[in-house]
Amino acid sequence: MNIHPTAIVSDKAIIDNNVRIGAYTIIYDNVEIAENTVIEAFCEIGVTNNFSNGDKLYIGANSHIRSHSIFYEGSSFLESLITGHRVTVREKVRAGKNLQIGTLSDLQGHCEIGDFVRLHSNVHIGQKSKIGNFVWIFPYVVLTNDPHPPSDTLLGVTVEDYAVIATMSVILPGTIISNGCLIGAHSSVKGITEANTVYAGSPAKKICPTSKIKLNDESGDAYPWRKHFHRGYPEEMIKLWMSE
Amino acid sequence: MNIHPTAIVSDKAIIDNNVRIGAYTIIYDNVEIAENTVIEAFCEIGVTNNFSNGDKLYIGANSHIRSHSIFYEGSSFLESLITGHRVTVREKVRAGKNLQIGTLSDLQGHCEIGDFVRLHSNVHIGQKSKIGNFVWIFPYVVLTNDPHPPSDTLLGVTVEDYAVIATMSVILPGTIISNGCLIGAHSSVKGITEANTVYAGSPAKKICPTSKIKLNDESGDAYPWRKHFHRGYPEEMIKLWMSE
Amino acid sequence: MNIHPTAIVSDKAIIDNNVRIGAYTIIYDNVEIAENTVIEAFCEIGVTNNFSNGDKLYIGANSHIRSHSIFYEGSSFLESLITGHRVTVREKVRAGKNLQIGTLSDLQGHCEIGDFVRLHSNVHIGQKSKIGNFVWIFPYVVLTNDPHPPSDTLLGVTVEDYAVIATMSVILPGTIISNGCLIGAHSSVKGITEANTVYAGSPAKKICPTSKIKLNDESGDAYPWRKHFHRGYPEEMIKLWMSE
């Protein structure tokens, strides 16, 4: 362990081998941080709250939480979580491995997230969201949940595997972004989308199959993106994708 | 008082009974914090500036300011202010009681806010805004003020009682969102709206009276929301609303 | 020098005369801060990273970086940089003098910025952006760069001198916002715009020459804004503008 002398770390927190904790960071009681994880400066990890049922915060091995980030108790992240700066993550997030959360993103809690998901900067994930595997969500996208604000009804958004939501789109309550869909920038989407289809506009309309979109350099199809974009994915995954 | 040993608290600040101040928080000189208030970690309370005319920052009783928040001197908040994390509040905000300000929201100062207002996450309130009572503003909404940017003219937005502005809408300078209006998500609104009316789109158009919108569970009308949504409001207020 | 006793300042950092460093701020090794600069509390200045080629962070004279801000090593800013709170600035930003960066703005690095540029609150500048001189970018604007997200292609946005981009607009990859253009609020823009022209909508359309827009108070033309808006610019610049 490598804990900066200005960090405030609870005796009750479980901290595994080779964890590094930065200056001025606060680690509260109800936390388990697995091995080889870095928590940078000015973070708060394991903030207590009334909605966590006393569940601990679990941060998987080989994770990296950048500075000024806040995680509540009651959420869990499998290995290799990577965050930008100033992320806020509330209770009852259940996330898979290799999640990336960009700077300023805000996970409101009570949601499920699969493996290898990429949330870019300043993304807002409302409660009751369900996000599959290999999903990409770009800056200033909001997943909403209240069909008649303000009300007591929460209808979360579902985003299926490989789907992509471009910058500054709003996904309305109860919407299903289906497998492999692309939502264009600055759209608002409501309802159930067809798989592998482009939607854009506000309100969003069906534009075309994603297979119609070509890469700018004319090297081939832009979608499914997993055929050409491989940065940060494991070898065996890439092999599988190329053999599909 | 319960002040964390790492907090830096000015001798000149007025701090009432049973106030709790978190780790690494800085309280400057020109501040009054009323009783039973919690200021969490990493906050700056009462930042000096050139536009406050030397007015102090007043935080009413029973307030809760979450971590990493910044308040300038020269603003005042009546009792039971509650904030999320990383809120930024500049000088010359005059706010009533029971205001909630969500994580990442940015109040640019020089504005008026009534009682029981709810600002959700990442809301931007431009200078010269006037917000009534029982207003709801959802994530990524911006209240603007400059009709010809950049200019020396500031035309603030007015939001009247009970109005609701849904996610990621822009309210253009000088606009009046009238009593009980609902602005749909991802809209941009200009001009004077009719009371109790739905507007949506970019540019926003009049859609229908709010009374036409039914709750998803078919339990009745969605608006006025005060007839069915009561979380966090005082008993006597709810009684009044139900008897209207 | 005036360094708060709780600040953590590397011996290797070069800090010129009359620099002030606030409480709990961290200054890393590979940094040069020129004279008369203020770095407020809770900042991180010169964060190491793998993409800076070992280049230092240079902050020009007479700068003011507000609290909770994060600057990576490998960027440079000429004199009189002013920031709001919680700005995030990554590596390989090359910026001119008198840049203002508003609260919560996020510069993703690998971009060029001219002199006297004004980025308001919560602006997101993607990698490969090129911003000229005297540009104004208003809250919640995003300059994107990936034409087929996710891909390995980065096509940055260009914003030419005197251009203005109003609140919550998305500028799509490879777009050129030409000299003196005005982009209306809540627009999405793609392609090459004509100089001194208003574009608005999503997708944005050409509206009219900027010269057609009059100031609200009927005192004259709203554009070019440099004919009537002079706050914060040097005397000789204003003289030049008035004699054009």
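Analysis parameters
- Residues numbered from 1 in each chain as written.
- Chains lettered and ligands numbered in written order.
- Predicted model: local features only at pLDDT ≥ 70, side-chain atom pairs only at ≥ 80, totals over all residues.
- Heavy atoms only, no water.
- Pairing = 2+ DSSP bridges.
- Helix = DSSP H or I, 4+ residues; strand = E, 2+ residues; numbered from the N terminus.
- Least-squares fit on C-alpha atoms with pLDDT ≥ 70 in both.
- Contact = heavy atoms within 4.5 Å.
- Buried area = accessible area lost by both parts, 1.4 Å probe.
- Salt bridge = Lys/Arg side-chain N within 4 Å of Asp/Glu carboxyl O.
- Polar contact = N/O pair within 3.5 Å; in protein donor to acceptor, adjacent residues only side chain to side chain.
- Nonpolar A, V, L, I, M, F, W, Y, C, P; charged D, E, K, R; others polar.

Participant: How do you make sense of the sheet that holds strand 15 (residues 93-95) of chain C when you look at a structure like this?
Facilitator: Hydrogen bonds between backbone atoms are what pair the strands of a sheet, whose relative direction is either parallel or antiparallel. All names here are of chain C. The strand order 3-6-9-12-15-18-21-24-27 describes an open sheet built from nine strands, whose pairing is parallel. The sheet is open, and its two borders are formed by strand 3 (14-15) and strand 27 (176-177), each paired with just one other strand. Strand direction decides the pairing type here: strand 6 (residues 31-33) and strand 9 (residues 57-59), joined by three bridges, are parallel. Residue pairing for strand 9: Ile 33 is matched across the bridge by Ile 59.

Participant: Teacher, can you tell me more about the relation of the copies chain C and chain A here?
Facilitator: One copy of the chain maps onto the other through a rotation about an axis followed by a shift along the same axis. It takes a turn of 120° to lay chain C on chain A, together with a shift of 0.0 Å along the axis; the resulting RMSD is 0.0 Å. Accordingly, the operation relating the two chain copies is best matched by a three-fold axis.

Participant: Explain the interface of chain C and chain A here, please?
Facilitator: Size of an interface, as often reported, equals the accessible area lost when the parts are brought together. The interface of chain C with chain A comprises 38 residues on the first partner and 34 residues on the second. Interface area for chain C against chain A, summed over the two sides, is near 2800 Å², with a carbon-plus-sulfur share of 62%. Contact with chain A buries area across many residues of chain C, yet C:His148, C:Pro149 and C:Pro150 alone supply 24% of it, more than any other trio. Remark: the boundary between chain C and chain A carries one salt bridge. Between C:Asp152 and A:Arg231 there is a salt bridge; the shortest N-O distance is 3.2 Å. Connecting chain C to chain A are 18 residue pairs in polar contact (both at pLDDT 80 or more). For the side of chain C that touches chain A, a count of residues per class yields 19 nonpolar, 15 polar and four charged.

Participant: Looking at this structure, how should I read the pairing of strand 30 (residues 197-201) of chain C?
Facilitator: Note on strand geometry: in a regular strand, side chains alternate between the two faces of the sheet. Residue and element names in this part refer to chain C. One ladder, built from two bridges, connects strand 28 (residues 182-183) with strand 30; its direction is parallel. Its bridge partner being in strand 30, Leu 182 is matched across the sheet by Val 198. The sheet contact formed by strand 30 and strand 31 (residues 204-209) spans five bridges and is antiparallel. Paired with Val 198 across the two strands is Cys 208, which belongs to strand 31.

The analysis is restricted to geometry; functional conclusions fall outside its scope.
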